[in-house]
2 protein chains.
Amino acid sequence: MKLYGYFRSSAAYRVRLALNLKGIAYESVPVNLLAGEQRLSDYAAINPQRLVPALELDGGQVLTQSGAILEYLEQSHPEPALLPSDPLEAAQVRAWCQLIGCDIHPICNLRVLNYLKAELGVDDAGKEAWIRHWIEEGFGVLEQGLSTSPSYRPERLSWLQVYLIPQVFNALRFGVDMNAFPTLQASYEACNRLPEFIAAQPGNQPDSV
Amino acid sequence: MKLYGYFRSSAAYRVRLALNLKGIAYESVPVNLLAGEQRLSDYAAINPQRLVPALELDGGQVLTQSGAILEYLEQSHPEPALLPSDPLEAAQVRAWCQLIGCDIHPICNLRVLNYLKAELGVDDAGKEAWIRHWIEEGFGVLEQGLSTSPSYRPERLSWLQVYLIPQVFNALRFGVDMNAFPTLQASYEACNRLPEFIAAQPGNQPDSV
């Protein structure tokens, strides 16, 4: 498999984590988002949405959207499972993931930040306040949910950590005070001691600068 | 089942469609988002994220996040299936759905519009331009994808229509010119002739104003 990604993209980071946790070998193909490589015709032919990640299978088919890629990997490579087998517990994990994957990450994505700057004249400080606002709002709900839910077991790895760890990485980058979110921070620290997570870290990618 | 929703919420509209297409009876519990009812403690006890929809099962468990609810319904009520059985085709449908459910809808959601107004001083015209921008960008990719993909068959109902029809409703409400997206518009018109879609329309909900 070939993974088209960018070292700092949360969505590409999720797919790296799922591939590593399932022990699937892949080739990394960097797409430099800051240089606009995602808008060049070569990449648009791979993913017309001009976003990363895109996962090219050995048969040449290309999958896009990290959530759809994770679902596909769960079907094609079921072991180790990254979702609970109980449907209600799986629904809870998916809901936590979507809190991050729908209600935090896309709102803070590069294309939205570019619009804020170009169309609405928002400066760097305003963009960073925007990012922190959506992360802190979502993390508040997630911290409460994980710290009170009987179905959250920190040692059981699932998509929850696949979504959470990249978002915490992002939060730290933008100065979110993680002391307000001790359960999330503890998960971040514990996961980052595992080889599958270390290998997926942005700083360990070939395009890291 | 009880569905906590709001007549104009795209995410609640998706769940209404899935329930109707699967023939699952449910009770509608309106939550008036414009009046801020989602922020009252009664509703926050049901969904701490203070968003709609939330689906309360007959056993009392509450599911949140429309995408997680749809996955649960697919597992608990597999017939009629709303995803292709082929994993690659299912991945494509999920990717199209996430283009809407991650990259259009949450960016245009009420809480984001409220921030644009309160924190960045964006006026109504600016908010509407924002909404149209994200819809048009996403619809452009989706129109190209559906009109060229061999796996898109308009007559085969799936989550694609469950996500698309509410988003087109929203697009029309904000003045998006649907002539640019003939495949999407054709799907909208065809679906809205079916009883399951008519029953789910915002104008046919108990809280419609």
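Treat the numbers as computed from the prediction; the structure is a model and nothing was measured.

### A word on the overall build of chain A
Assigned secondary structure in chain A consists of nine helices and four strands. Overall, chain A shows an N-to-C arrangement of helices and strands of β-α-β-α-β-β-α-α-α-α-α-α-α. Radius of gyration (C-alpha) of chain A: 17 Å, near the 17 Å computed for a compact globule of 209 residues. Each of the three principal axes of chain A carries a C-alpha extent, and together these read 45 × 45 × 30 Å. The buried share of chain A, reckoned over its 209 residues, is 58%.

### Digging into the packing of helix α5 (residues 110–120) of chain B against helix α6 (residues 124–148) of chain B
Residue and element names in this part refer to chain B. The interhelical angle for the contact between α5 and α6, taken along N-to-C directions, is 140°, at an axis separation of 10 Å. Comparing their axes, α6 and α5 come out oblique. The interaxial crossing formed by α5 with α6 has right-handed handedness. Taking contact as the criterion, the partners of V112, L113, L116 and K117 in α5 are, on α6, K127, W130 and I131. Residue composition of the contact of α5 with α6, grouped by class: five nonpolar, no polar and two charged.

### Examining the packing of aromatic side chains
The way to describe two aromatic rings as a pair is by their centre distance and the angle between their planes. Inspection of every chain in the model, using the stated rule, returns 15 aromatic pairs over all chains. With 5.5 Å between their ring centres and 50° between their planes, Y115 of chain A and W134 of chain B make a pair best called tilted. Pair noted here: Y115 of chain A is in helix α5 (residues 110–120) and W134 of chain B is in helix α6, and the two residues belong to different chains. Both residues of the pair, Y115 of chain A and W134 of chain B, belong to the buried class. Here the aromatic residues Y115, W130 and W134 of chain A together with Y115, W130 and W134 of chain B are joined through ring pairs into a cluster of three or more.

### Quick notes on the sheet that holds strand β3 (residues 54–56) of chain A
Backbone hydrogen bonds are what pair the strands of a sheet, in a parallel or an antiparallel way. Residue and element names in this part refer to chain A. Taken in spatial order, the four strands of this open sheet run β2-β1-β3-β4, and their pairing is mixed. The sheet is open, and its two edges are formed by β2 (27–30) and β4 (62–64), each paired on a single side. Ignoring which end each strand starts from, the neighbouring axes of this sheet average 20° apart. Sheet topology places strand β1 (residues 2–5) next to β3; three bridges connect them, and they run antiparallel. Note that in β3 the partner of K2 across the bridge is E56. Each of β1 and β3 is contacted by helix α1 (residues 10–21), which is oriented at about 155° to β1, the strand it contacts most.

### So, the relation of the copies chain A and chain B
If you rotate chain A by 180° and push it 0.0 Å along the axis, it lands on chain B with an RMSD of 0.0 Å. Here the two chains are linked by the operation of a two-fold rotation axis. Closest approach to the rotation axis within chain A is made by the C-alpha atom of C102 of chain A, at a distance of 2.3 Å.

### A few points about α5 of chain A
Here α5 of chain A has its buried residues at R111, V112, L113, Y115 and L116 of chain A. Contacts from the buried residues of α5 of chain A go to α6 (124–148) of chain A together with α5 and α6 of chain B. G121 of chain A occupies a position one or two residues after α5 of chain A and carries a positive phi of about 65°.

### What to know about the UniProt feature "domain: GST N-terminal" (unreviewed entry) in chain A
UniProt marks residues 1–81 of chain A with the feature "domain: GST N-terminal" (unreviewed entry), using the numbering shown here. Between the first and last C-alpha atoms of residues 1–81 of chain A the distance is 19 Å; the span itself is 36% helix and 17% strand.

### Focus on the side chain of K127 of chain A
Residue placement: K127 of chain A occurs in helix α6. Each residue touching K127 of chain A, except ones within four places of it in the same chain, is listed here: L113, K117 and V122 of chain A.

### Considering the domain arrangement of chain A
All names here are of chain A. According to the domain assignment, chain A contains domain 1 (2–80) and domain 2 (87–196). Domain 1 and domain 2 are separated by 20 Å when their C-alpha centres are compared. Listed as interface residues are 17 residues of domain 1 and, on the opposing side, 19 residues of domain 2. Taken together, the two surfaces of domain 1 and domain 2 that pack against each other cover about 1700 Å², and 63% of this comes from carbon and sulfur. It is R8, Y13 and R14 that lose the most area in domain 1 upon contact with domain 2, and together they represent 34% of the buried surface on that side. Where domain 1 packs against domain 2, one counts one salt bridge. Notably, a salt bridge pairs R94 with E71, separated by 2.9 Å at the nearest N-O pair. At the junction of domain 1 and domain 2, the tally comes to two residue pairs in polar contact (both at pLDDT 80 or more). Secondary structure elements with two or more residues in the side of domain 1 that touches domain 2: α1 and α3 (66–76). Looking at the side of domain 1 that touches domain 2 element by element, the count peaks at eight residues for α1. Residue composition of the side of domain 1 that touches domain 2, by class: nine nonpolar, four polar and four charged.

How each quantity is defined
- Residues numbered from 1 in each chain as written.
- Chains lettered and ligands numbered in written order.
- Predicted model: local features only at pLDDT ≥ 70, side-chain atom pairs only at ≥ 80, totals over all residues.
- Heavy atoms only, no water.
- Helix = DSSP H or I, 4+ residues; strand = E, 2+ residues; numbered from the N terminus.
- Rg over C-alpha atoms; globule rule 2.2 N^0.38 Å.
- Buried < 20%, exposed > 50% of the residue type's maximum accessible area, 1.4 Å probe, protein only.
- Axes fitted to C-alpha atoms, helices over the stretch in contact; angles between N-to-C directions.
- Parallel < 35°, antiparallel > 145°, perpendicular 65-115°, else oblique.
- Left-handed = near helix turned anticlockwise from the far one by under 90°.
- Contact = heavy atoms within 4.5 Å.
- Nonpolar A, V, L, I, M, F, W, Y, C, P; charged D, E, K, R; others polar.
- Phe/Tyr/Trp six-rings, centres within 6.5 Å; stacked < 30°, edge-to-face > 60°.
- Pairing = 2+ DSSP bridges.
- Least-squares fit on C-alpha atoms with pLDDT ≥ 70 in both.
- UniProt positions renumbered as here; feature names shortened; annotations may be inferred.
- Domains from an automatic or database assignment.
- Buried area = accessible area lost by both parts, 1.4 Å probe.
- Salt bridge = Lys/Arg side-chain N within 4 Å of Asp/Glu carboxyl O.
- Polar contact = N/O pair within 3.5 Å; in protein donor to acceptor, adjacent residues only side chain to side chain.

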